[in-house]
Amino acid sequence: MSFTPEDPFDLVIDARGLICPMPVLKAKKALRDVPVGGVLKVLATDPGSVADMKSFCDMTGNRLLSSTQEDDVFIYHIENLAAK
């Protein structure tokens, strides 16, 4: 994976193959390493992660910038807005 202007992120985590609640837990932990205003990219294959990531962002004060799907991979971009 590489950083491009079309896909900017500060950190990427690969949660492919993991089921609920692991993609959200990995995202929560990874956000500690993303500066406020920075973007975390999450890759997941669990269809339940679509609702889970939205709920996680709503509950934590972070912003779900995008939620897309490429083949069987769900891709999320989460902006860290929560104070550490």
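Residues numbered from 1 in each chain as written. Predicted model: local features only at pLDDT ≥ 70, side-chain atom pairs only at ≥ 80, totals over all residues. Heavy atoms only, no water.

## Points about the overall build of the protein
What the protein contains, in helices and strands, is two helices and four strands. From first element to last, N terminus to C terminus, the protein shows the α and β order β-α-β-α-β-β. By the compact-globule yardstick of 12 Å for 84 residues, the protein fits well, its C-alpha radius of gyration being 12 Å. Counting over 84 residues, the protein shows a buried share of 37%. Within the protein, contacts between residues separated by at least 24 positions form 65% of all contacts whose residues are at least 6 apart in sequence. Accessible surface for the protein amounts to roughly 5,000 Å². Of this, 57% is attributable to carbon and sulfur atoms. Charge centroids of the protein, computed over 9 positive and 12 negative side chains, lie 9 Å from each other. (Helix = DSSP H or I, 4+ residues; strand = E, 2+ residues; numbered from the N terminus. Rg over C-alpha atoms; globule rule 2.2 N^0.38 Å. Buried < 20%, exposed > 50% of the residue type's maximum accessible area, 1.4 Å probe, protein only. Contact = heavy atoms within 4.5 Å. Areas by Shrake-Rupley, 256 points an atom, 1.4 Å probe, with all protein chains shown as cover. Lys, Arg positive; Asp, Glu negative; His and termini not counted. Charge placed at Lys NZ, Arg CZ, Asp CG, Glu CD.)

## What to know about the UniProt feature "domain: UPF0033" (unreviewed entry) in the protein
Those residues carrying the UniProt feature "domain: UPF0033" (unreviewed entry) are residues 13-37 in this numbering. Here residues 13-37 is 36% helix and 12% strand, with 17 Å between the C-alpha atoms at its ends. (UniProt positions renumbered as here; feature names shortened; annotations may be inferred.)

## Quick notes on the pattern of salt bridges
Going through the model one piece at a time under the given rule, you end up with three salt bridges. Between aspartate 58 and lysine 54 there is a salt bridge, and its shortest N-O distance comes to 3.0 Å. Taken together, the positions of aspartate 58 and lysine 54, both in helix H2 (residues 49-60) and four residues apart, correspond to about one turn of that helix. With relative accessibility at 54%, the residue aspartate 58 sits in the exposed group. A salt bridge links glutamate 79 to arginine 63, with the shortest nitrogen-to-oxygen separation between them at 2.9 Å. Here glutamate 79 is found in strand E4 (residues 73-79), whereas its partner arginine 63 is found in strand E3 (residues 63-70), with 16 residues between them in sequence. For glutamate 79, a relative accessible area of 15% gives the class buried. (Salt bridge = Lys/Arg side-chain N within 4 Å of Asp/Glu carboxyl O.)

## Focus: the sheet that holds strand E2 (residues 39-44)
What the four strands build is an open sheet, ordered E1-E2-E4-E3; its pairing is mixed. The open sheet has two edge strands with one neighbour each: strand E1 (11-15) and E3. Taking the axes of each pair of neighbouring strands and ignoring which way they run, one obtains an average angle of 15 degrees across the sheet. Of the strand pairs in this sheet, E3 and E4 are connected by seven bridges, and their pairing is antiparallel. (Pairing = 2+ DSSP bridges. Axes fitted to C-alpha atoms, helices over the stretch in contact; angles between N-to-C directions.)

## Some points on the nonpolar core
The nonpolar side chains of a soluble globular protein tend to be buried with one another. Counting 16 residues, the largest nonpolar core has Ala27, Leu40, Val42 and Met53 as its most contacted members. Residue assignment for this core shows that the elements contributing at least two residues are E1, helix H1 (22-30), E2, H2 and E4. (Core = buried A, V, L, I, M, F, W, Y, C linked by side-chain atoms within 4.5 Å.)

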